[in-house]
Amino acid sequence: MNKPKMATEKGVPSNSRVLMLLGQLERMNGEAMGRDVETARQVTAKILHLIQTQEKSGKEVMSKGSTGMEVILASLEVGLTNTTGHDRTLTTSTFYLHKIRSLIEVSRGRRAGVFVSKGGTGVLFQILISASKELPPSEELMLQLHSLLAKVGPKDRKFGVKARLSGALNVTVNLLKQNLQNTKLLLPCLQVLRVYSTNSVNAISLGKNGVVELMFKIVAPYSKKNTSLLKVALDALGALLKSKTNARRAVDGGHVPILLALYLDWHRNDTRHRHMLIRKGLLVCLRNITNIKLGRKAFIDADGMRVLYNSSTECLPVRTLDPLINTSSLIMRKCFPKNRLPLPTIKSAFHYQLPHIPAAGPVAQLYSQPPGVDDVVDESDNEETDNDDIETDLNKLHPKKIPGRPFEELRVYERFFVELSEDFQASILFTVDNNSSTQPSRPIIVPTAQALSPKRDPISIPLGGCNPTKGTHTLPNWGSDCGSEGAEDEGAEGAVLEVPDTALLLPLHDPDLYVEMVKGTLSVPQYAEVAYPDYFGHVAPTFREPHLERVYGVQRSKIFQDIERLIHPNDIVDKVVYDLDIPSCPLIEDNGESLKFNSQFESGNLRKVVQVRKNEYDLVLNSDINSNHYHQWFYFEVSGMRVGTMYRFNIINCEKSNSQFNYGMQVLMYSVQEAISGRPRWVRTGTDICYYKNHFARSSIAAGGQKGKSYYTMTFTTSFSHKDDVCYFAYHYPYTYSTLKMHLSKLEALRTPQIYLRQDVLCETLGGNKCPLLTITAMPESNSNDHICQFRNRPLIFLSARVHPGETNASWVMKGTLEFLMGTSPLAASLRDAYIFKIVPMLNPDGVINGNHRCSLSGEDLNRQWQSPNPELHPTIYHTKSLLQYLAHIQRAPLVFCDYHGHSRKKNVFMYGCSVKETVWQSNISATSSDLQEDLGYRALPKILSQIAPAFSMASCSFVVERSKESTARVVVWREIGVQRSYTMESTLCGCDQGKYKGLQIGTRELEEMGAQFCVALLRLKRLTGLRNHQHLLDLESDIIGPQCKVIRLFSNSTPQINHYARPNLTLTTKV
């Protein structure tokens, strides 16, 4: 080592005693030291004493700019080199090492870090190599060296590499082999070995050198002696077994049964739980061994599942033993044999033949797979966003109006914009497209009282034969013939079902009208039933529904119950009670000991039910049509329950890695008995709710042999309050396509002469259903040119919803928007006067009807098709985009575009928008000031919403453009149509964690309120952007946002322009 020159930090007194001693020691670091070793020792002792006893001296030597530690290390190295005689060298080395160790131990690791940074580790390894050449090596010196290395090793990131290159690795291993009975020396050697083994290359090298077998000689059954040594040995062994090679070596050596026996021995004898760390160390070794397939097999063969299950069950009452239970649970879940789902194929149970197959993508893969292969991975549903996904191409970040199609092709869309035409006349304002179905009527089976009274004989009559009186319905039953129409019995008497009178509470709901709408709804399975909740309607409860508090240990207990299936297979019923893959009769009859299930109605989703135990059922959801995944939305019926009995339901093929079911969300239940009693409503229900990875896995054949995805279980427990009840369960509040048609028909009846409402059919879907397009604004005051001109020149607002069928909350928000727009309040009238609204309330009718979660009948996520929609496969997206392209061509692009969505993994309501600046900030790409020229107006609408809508959270909003979202409506409308205020508005499926609704689950009342508040925000936006007076604009914005704002933007004209580079988390307003 080169001799360092003493340097002092600026401000350190030059007459400091410790600095003087260091200078003296530095001068002695030469030949003179060999002649006066004792003096050097005395000087070093004084220095180390001062560092230990005086805080100021310690800072002077250990500070970042000081070379004091280098001088001490240099003196150590030179002293050892120049000292003659074995005894003197040993004494000097031991002295120095002892002092340095004492110095390091008094700090909390900081001094060890300084020691490492000054090259101390290398010096220690040199001493270790030198000392190992003495035969026999000094036990005291080796003890001091390894004790010191154990202290500094964790602070040196290259410790393992240095040990291997210097040869210290073999020295320590040889010392271990020679001193297995010398516990005094064995402990520090094991501590150093533990650090060595964290390096993967070292771990493999040590395994080849027999260290894994050596460790198994050290670990021992229960004893009160040498517990510290055993703990360190297990830590080292656990680190070694992270290497798959070493894990395989342990399996081949037959050590898995040994580890299980040792764990069981310590578990039985450690009754006071004083040695939990040793038990945990044994489990860590098992955990690392079971990371390989061979290890899992050895664990199963050694009856490891039963050993860990029984021991963990005994630990459950003791809270402090949770680390043992959790590790045991992890091992058992990992070793639980992986199974395919109990299905003939994971493709949807329903088949729809596409007009043509896409050239690429998951649907093309699905159709090209050989028989028996149905595993196709599609990552389009990945909601996780990281910096790797952020768009970094500045050319793509700058919005550019791209017409895309020739205007001649787009002229056909003029008919949807009658109100913008030059020859527009008020006399034609009342033209409305009739939404009555042109489809042939077919028998529809709707709810009856007979389903609630199984003892009565079923009757099936085509709906057209019914002649109900007000308040009652004489209707057929579907209950005992698995959904078929059945034989007509003319002598039977129809059951009378009293429909609750909810006309005042639900002005937009009419059971008779709903049934009429169902007649014209086309589904792939040709549903012929109507679900009670859709028929009766839903009245939002007046009571609050707080987030469900998570019961401690509930997930663990559920997992253990799943493991019991393997431990006690004789306790499992394993009886199929419902199966859509038997289309002739999916409801399998039994002796009344099982619940009855059904999902054969609009928006229903439940494919198969297996009774696992007497009161426990595994439920399998159906894939989206022409897909093999997207299992999340469910909607099904249950009957045949016993009052007061607790039933457990497990949905076993969920796909997302986490869910709000782990954070307070409950499922929804609708009781028919409650509805008949005057309480027709969905309520949150379920206890012991959790969401976790299970032992079902997808095939890996199609993925080229790679590991298949695991499914997740969503489990809940519930009981029923009424005998002979029929109950429905749903992921979220259902909102069917027929419900939308009914609501639109009822809205038409609300129209006053002052409201302009037109309903067009934008297009037909793949399944032959109509996609409605609404136009809402205020009628012109008269036929005068001025009033007609004002009417035509109103800014446009374009809204859409329900592109993802499972996000039913988007439809409830849209319902709130539509009801507000058609309302009679002064605010609604002002809003209609201010804007022309173009609304596509349901972009994916087919997906909604058929119970899909995310896709249309094409098997594709329609919100990933906006860049290049296919007119045959994605007609609703193709024609909606064409409407926007037409508006861009005629220079009437919307002021605001907003697509309503639901979010499954976040709370509150929030928006995604598009911003060049905020994307650049997140990605840290280089950009010039001209690249960052951007109007901050895109933040105005969400900011207003955060002030007036209690469920809205500005903190959850994001305006970053990601590559994975470049084909979504929000990004395409911003980039190609040039709409600055282009948003996705996400509504939580769970609830809120801020504001007025903090701690509450969200309901339809709050969702509809959000839709209305969105309208109010648009009115405020109009007032904000429409004012021409500069000062009035500032005053109004200050009034909306509040007085506590920073001045961060200026306005140079009527349109807000940013003149200051502001971080996005700042309030983008001006204080007046």
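Residues numbered from 1 in each chain as written. Predicted model: local features only at pLDDT ≥ 70, side-chain atom pairs only at ≥ 80, totals over all residues. Heavy atoms only, no water.

Let us look at the pattern of salt bridges. For the structure on display, the rule yields 34 salt bridges. Put simply, aspartate 303 and arginine 306 hold a salt bridge, and the shortest N to O gap is 3.5 Å. When its relative accessible area of 37% is taken as the criterion, aspartate 303 is described as partly exposed. Accessibility expressed as a relative area gives 35% for arginine 306, which makes it partly exposed. Taking the shortest distance from any N to any O, the salt bridge between glutamate 962 and arginine 970 comes out at 3.4 Å. Assessed through its relative accessible area of 7%, glutamate 962 is described here as buried. (Salt bridge = Lys/Arg side-chain N within 4 Å of Asp/Glu carboxyl O. Buried < 20%, exposed > 50% of the residue type's maximum accessible area, 1.4 Å probe, protein only.)

Relative to each other, helix H8 (residues 120-132) and helix H11 (residues 168-178) sit at 50 degrees, their axes nearing to 10 Å. Overall, the two elements H8 and H11 adopt an arrangement that is oblique. In the packing of H8 onto H11, the handedness of the crossing is left-handed. On the side of H8, the interface is formed by Phe125, Leu128, Ile129 and Ser132, while H11 contributes Ala168, Val171 and Thr172. (Axes fitted to C-alpha atoms, helices over the stretch in contact; angles between N-to-C directions. Helix = DSSP H or I, 4+ residues; strand = E, 2+ residues; numbered from the N terminus. Parallel < 35°, antiparallel > 145°, perpendicular 65-115°, else oblique. Left-handed = near helix turned anticlockwise from the far one by under 90°. Contact = heavy atoms within 4.5 Å.)

In a packed pair of helices, the relevant descriptors are the angle between the two axes and the axis-to-axis distance. With their axes 9 Å apart at the nearest point, helix H15 (residues 227-240) and helix H18 (residues 276-289) run at an angle of 15 degrees to one another. In this view, H15 runs roughly parallel relative to H18, as classed from their interaxial angle. Like other packed secondary-structure pairs, H15 and H18 cross with a definite hand, here left-handed. In this structure, H15 contributes Thr227, Leu230, Lys231, Leu234, Leu237 and Gly238 to the contact, and H18 contributes Leu277, Ile278, Gly281, Leu282, Val284, Cys285 and Asn288.

Turning our eyes to something else, we now look at the sheet that holds strand S19 (residues 909-912). Taking strand neighbours across the sheet as the criterion, the seven strands line up as S14-S15-S17-S16-S18-S20-S19 in an open arrangement whose pairing is mixed. Strand pairing shows two members of the sheet lacking a second neighbour, strand S14 (755-764) and S19, which therefore form its edges. Put simply, the sheet's adjacent strands are angled 20 degrees from each other on average, direction ignored. Alignment of strand S16 (residues 796-801) against strand S18 (residues 896-903), held across five bridges, turns out to be parallel. Residue pairing in the sheet places phenylalanine 798 in a bridge with phenylalanine 897 of S18. Where helix H34 (residues 875-889) meets the sheet, it contacts S14, strand S15 (770-778), S16, strand S17 (836-840) and S18, and its direction lies at approximately 130 degrees from that of S14. (Pairing = 2+ DSSP bridges.)

Here we have six strands laid out as an open sheet, ordered S3-S5-S6-S8-S12-S11, and mixed in their pairing. Strands with a single pairing partner mark the edges of an open sheet, and in this sheet they are strand S3 (575-579) and strand S11 (687-697). Each neighbouring strand pair of the sheet contributes to a mean axis angle of 25 degrees, computed without reference to strand direction. Across six bridges, the pairing between strand S8 (residues 647-654) and strand S12 (residues 710-718) is antiparallel. Within S12, the position partnered with arginine 648 by the bridge is threonine 717. Helix H27 (residues 554-567) rests against strand S5 (608-613), strand S6 (616-620), S8, S11 and S12 of the sheet, and its axis sits at about 45 degrees to S11.

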